Amino acid sequence: MRRRAILAGLASTAPIVPGAVAFGLVYGVLARQAGLSLAATVTMSLLVFAGAAQFTAVGMWGQAGGPLIVLTAFIINLRHLLMGASVAPHLRGQPGRWKALLAFGLTDESYALAISRYLAGDGSREFFLGANFGLYAGWNLSTLAGAVLGGLVVDPGRWGIELVFPLTFLGLLVPLLTWPLGTVVALASGVVAVATAAWLPGKANLVLAIVVASGIGAALEGWWARTQ
Amino acid sequence: MGTYAVILGMALATYATRALAVFLLSRRLTPGIERFLGHIPAAVFAALVAPPLLAPQGGFAPGLPAVAAIPAAVVAWRTRQVLPTILAGMGSYWLLRWIVG
């Protein structure tokens, strides 16, 4: 039963893994070009496991100081604080080692898959773990391949493979729109994220959008509860 | 800072963002905060959907990906599954690129 849930989580990542692999390959190539050794390139993927932060770090490598790179990684990943907060009620009562393990693997994609299952009523820590592991394996194996193969890798941007990510989140978002309040929250979040994208770099626009839209949703829901 | 010190710093900073709320919010919270947390998933998904489709370079400039997302959204509504949504979106995108040239 538990093994089945882990496998179901693993299988849920199959549509996204090609996209993650394409980016892992590019990260591996760029990291080597930026002067990181093969071991350092692979170690970063193994320990950090955060695509956007790793790409940014590699872009800054040699031009910015270490503390600034670390601070940038923190800011880029601040959105995970909100995702952790959102999944926290579902992990209440789980042993600390499960929380620690699941938090290590929490990414945009695995959070999205896991929370969708929790909202549908059949989520579990095992499913979450399987989703984390599928993306972790894809990211690290493709990092290794990119770092070894180097310049042989073609530009994945040609095929528009990066579209897999918004399409995945679209597929997970649409079922939540049956609830009118969900539609309001989604619209508010999308508008704020797009409107502030140009002047809030480092994914800070996502943090602002999520906080504002969830706040609007909570306020409307509270107002609705009081008027009933 | 040495290479591995930077990597370790990044790892700790990233882990902090992921683990902090998971451990701190382990007790029951006020209804207002619970409501706030309940709206985060839809807000996260929309925030991850909209910018790459509508503002790929930062400014508002919807292009072929935004158009391809329309049939993808219809398929998402009908099937409520990720894989058909991706296939519809990528298929439409490649078709559009072939037509536009």
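Structural data are supplied above this passage.
Let us look at the structure shown here. (Residues numbered from 1 in each chain as written. Chains lettered and ligands numbered in written order. Predicted model: local features only at pLDDT ≥ 70, side-chain atom pairs only at ≥ 80, totals over all residues. Heavy atoms only, no water.)

### Overview of the overall build of chain B
Then comes step 1: If you tally the helices and strands in chain B, you get 4 helices and 0 strands.
Then comes step 2: Sequence-ordered secondary structure for chain B, helices as α and strands as β, is α-α-α-α.
Then comes step 3: On C-alpha atoms alone, chain B measures out to a radius of gyration of 20 Å, which is more than a quarter above the 13 Å that the 2.2 N^0.38 rule sets for 101 residues.
Then comes step 4: For chain B, the spread of C-alpha atoms along the three principal axes comes to 50 × 45 × 25 Å.
Then comes step 5: In chain B, which comprises 101 residues, the proportion classed as buried is 43%.
Then comes step 6: The long-range fraction of contacts in chain B, counting pairs at least 24 apart against all pairs at least 6 apart in sequence, stands at 27%.
Then comes step 7: Total accessible area on chain B is roughly 5,200 Å²; 71% of this is exposed by carbon and sulfur atoms. (Helix = DSSP H or I, 4+ residues; strand = E, 2+ residues; numbered from the N terminus. Rg over C-alpha atoms; globule rule 2.2 N^0.38 Å. Buried < 20%, exposed > 50% of the residue type's maximum accessible area, 1.4 Å probe, protein only. Contact = heavy atoms within 4.5 Å. Areas by Shrake-Rupley, 256 points an atom, 1.4 Å probe, with all protein chains shown as cover.)

### Topic: the layout of surface pockets
Empty space among the atoms becomes apparent when a probe as large as a water molecule is rolled across them.
Then comes step 1: The volume enclosed by the largest pocket comes to roughly 1,400 Å³.
Then comes step 2: Along its surface, the largest pocket is lined by 48 residues, and Phe23(A), Ala52(A), Phe165(A), Lys203(A) and Pro52(B) are the ones closest to its centre.
Then comes step 3: Tallied by class, the residues present in the lining of the largest pocket amount to 29 nonpolar, 12 polar and 7 charged. (1 Å grid on protein atoms, 1.4 Å probe; cavity = no way out; pocket = protein on both sides within 12 Å on 5 of 7 lines; lining within 4 Å. Points joined across faces, edges and corners; volume = space filled by probe spheres on them. Nonpolar A, V, L, I, M, F, W, Y, C, P; charged D, E, K, R; others polar.)

### Regarding the interface of chain A and chain B
Much of the literature gives interface size as the accessible area that the parts lose upon coming together.
Then comes step 1: Facing 90 residues of chain A, the contacting portion of chain B comprises 64 residues.
Then comes step 2: Summed over both sides, the interface of chain A with chain B buries roughly 6,300 Å², with 78% coming from carbon and sulfur.
Then comes step 3: Where chain A touches chain B, the interface holds 1 salt bridge.
Then comes step 4: One salt bridge in this structure joins Arg92(A) and Glu34(B), with 3.0 Å as the shortest N-O distance.
Then comes step 5: Connecting chain A to chain B are 15 residue pairs in polar contact (both at pLDDT 80 or more).
Then comes step 6: It is helix α12 (residues 204-227) of chain A that provides the largest number of residues to the side of chain A that touches chain B, a total of 13 residues.
Then comes step 7: The residue makeup of the side of chain A that touches chain B, split by class, is 62 nonpolar, 23 polar and 5 charged. (Buried area = accessible area lost by both parts, 1.4 Å probe. Salt bridge = Lys/Arg side-chain N within 4 Å of Asp/Glu carboxyl O. Polar contact = N/O pair within 3.5 Å; in protein donor to acceptor, adjacent residues only side chain to side chain.)

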